[in-house]
Amino acid sequence: MKISPQLDKILEKAWSNIPLDRQDCRYLLTIDELSFESGLLRSAASSIIRSKNDNSAIILGQIGVDVTSCPGGCKFCTFGEDHTRFKDNHLRDEELEEKIASFCQYDDLYGLYLMTMHSYDLDRYLQIISKAKALAPKSTQIWANVGDSSLEAFKEMKSAGVTGVYHVCRIREGVDTKLDPRERLQTMKNALDAGLELYTCCEPIGPEHGVDELVSNIFIGIEIGITQHAAMRRVAVPDSPLAKYGQISELRLAHIVATISLCSLTVPTMAYMGVHEPNELSYASGANIITAESGANPRDSQADTSKNRGMDMARCRKMLFECGFDNIRRGDESKIPLNLDYLIKTNS
Ligand code: SF4
């Protein structure tokens with residue numbers, strides 16, 4: 001079976017650790033995800049990524065600490081101020097303690113995200129960080145997922161114990177959202193300037209997005225210097241204005257995951273590749289981050305996502321095992337062998 005000379009050349013570059021450019025990325029995204037060549041791309045991405053880190057994956061935990069009607073107004077998000085049905089709610093201290101205890105019960109959580117809305121109370125957020133830092137094991141990193149923030153705010157978060165920040169400039173930011181793409185990008189720079197690691201994502205991908213839009217979005221992260229990249233498909237959340245466009249398939253998402261994996265491979269700081277929401281096809285296509293979620297979630301119409309879309313730690317371990325990973329890494333990069341004994345020990 002022959003493959004196109006372009007794909008052959010791109011895979012050669014990837015195997016040789018030569019950076020892929022925007023044209024390469026564009027070409028990969030034009031390949032039909034049902035084709036033999038897509039299968040080859042996905043398996044190449046998986047093999048290369050796994051060969052670089054001893055076939056390891058990481059589990060992140062995300063806790064939504066606030067629910068408010070959000071001025072971000074994103075047309076795909078369940079909290080957008082013009083269409084949300086949620087009432088304001090803030091996680092109580094004892095709920096936070098319970099959730100952290102549950103995520104960290106077996107000391108195999110790489111990082112814990114504390115997620116809030118676009119507008120948030122910095123003082124309260126810093127208190128939550130300090131509490132989480134005190135409660136989580138030393139081997140679990142604390143990460144921030146907040147709205148646009150200043151350099152000073154990130155410096156304070158760093159002093160309180162945060163290692164990194166999740167931040168994105170979304171596809172059609174400013175069109176499908178009320179936010180300014182320049183501020184989104186400045187926030188990403190602020191996080192890096194504060195000495196924090198940056199985790200970004202090409203999101204939220206819908207069927208209506210063209211290849212060039214995806215390429216531009218993917219290269220924001222690659223060019224700024226991320227530690228983690230990812231792909232997220234938009235979930236057609238009922239009542240959200242963009243739900244009418246539907247969703248891309250998990251197979252298409254896996255194809256995009258493979259493309260981003262290969263394109264971000266040579267970024268010096270790049271360590272792990274994520275996918276939202278977790279699915280087996282993407283873990284066989286280069287992804288090696290899985291996220292357990294609890295509390296508020298922009299892709300879910302339930303107040304506590306762990307009761308609906310969100311996966312718990314046990315399901316995350318099991319999915320990684322089924323996808324053939326040999327190790328789970330803690331936040332200090334130490335490894336835990338992922339085998340049947342471990343699944344039994346952790347009630348997974
Ligand atoms: S995606 Fe984030 S910024 Fe946008 S409406 Fe939802 S919570 Fe607000």
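The rules behind the values
Residues numbered from 1 in each chain as written. Predicted model: local features only at pLDDT ≥ 70, side-chain atom pairs only at ≥ 80, totals over all residues. Heavy atoms only, no water. Buried < 20%, exposed > 50% of the residue type's maximum accessible area, 1.4 Å probe, protein only. Helix = DSSP H or I, 4+ residues; strand = E, 2+ residues; numbered from the N terminus. Pairing = 2+ DSSP bridges. Right-handed = clockwise from strand over helix to strand, strands pointing away. Phe/Tyr/Trp six-rings, centres within 6.5 Å; stacked < 30°, edge-to-face > 60°. Lys NZ or Arg CZ within 6 Å of the ring centre and 35° of its normal. Near = heavy atom within 4 Å. Nonpolar A, V, L, I, M, F, W, Y, C, P; charged D, E, K, R; others polar. Axes fitted to C-alpha atoms, helices over the stretch in contact; angles between N-to-C directions. Parallel < 35°, antiparallel > 145°, perpendicular 65-115°, else oblique. Left-handed = near helix turned anticlockwise from the far one by under 90°. Contact = heavy atoms within 4.5 Å.

Participant: I'm lost on the pairing of strand E4 (residues 111-115) in this one. Help?
Facilitator: For a regular strand, side chains alternate in direction, first toward one face of the sheet and then toward the other. The element E4 is extensively covered by neighbouring structure, given that five of its five residues are classed as buried. The two faces of E4 match: Gly111, Tyr113 and Met115 on one face and Leu112 and Leu114 on the other face are all buried. Pairing of strand E1 (residues 56-64) with E4, which is carried by five bridges, proceeds in the parallel orientation. Its bridge partner being in E4, Ile63 is matched across the sheet by Leu114. Summarising the sheet, E4 and strand E5 (residues 141-145) pair through five bridges and their orientation is parallel. For Leu114, the partnering residue across the bridge sits in E5 and is Ala144. What joins E4 to E5 is helix H5 (residues 122-135), and the crossover it makes is right-handed.

Participant: Before we go on, may I ask you to explain the packing of aromatic side chains in this structure?
Facilitator: Here a ring pair, both rings aromatic, is described through the centre-centre distance and the interplanar angle of the planes. Counted by the stated rule, this structure contains eight aromatic pairs. With a centroid separation of 5.5 Å and an interplanar angle of 70°, the aromatic rings of Tyr120 and Tyr125 are classed as edge-to-face. The exposure class of Tyr125 is buried, given its relative accessible area of 2%. A network of ring pairs unites the aromatic residues Tyr113, Trp143, Tyr166 and Tyr199 as a single cluster. The positively charged end of Arg50 is found above the aromatic ring belonging to Phe325, 3.9 Å away from the centroid.

Participant: Explain the site of the ligand here, please?
Facilitator: Taken together, the residues surrounding the ligand are Cys70, Gly73, Cys74, Cys77, Gly80, Met117, His118 and Arg170. Here the residues of the shell around the ligand are counted per class, giving four nonpolar, three polar and one charged.

Participant: Would you mind showing me how to read the packing of helix H2 (residues 22-30) against helix H8 (residues 211-224) here?
Facilitator: To characterise two packed helices, one gives the angle between the axes of the helices and the distance between these axes. At a closest axis distance of 10 Å, the pairing of H2 and H8 adopts a crossing angle of 135°. Taken as axis vectors, H2 and H8 run oblique relative to one another. The interaxial crossing formed by H2 with H8 has right-handed handedness. Contact with H2, carried on its side by Arg22, Cys25, Arg26, Leu29 and Thr30, involves Val211, Asp212, Leu214, Val215, Ser216, Ile218, Phe219 and Glu223 of H8 and no other residues of that element.

Participant: Help me understand the environment of Ser35, please; the structure alone is not making it clear to me.
Facilitator: Here Ser35 is to be found in the loop between H2 and helix H3 (36-52). The sequence separation of Ser35 and Leu265 amounts to 230 residues, and the corresponding C-alpha distance is 23 Å.

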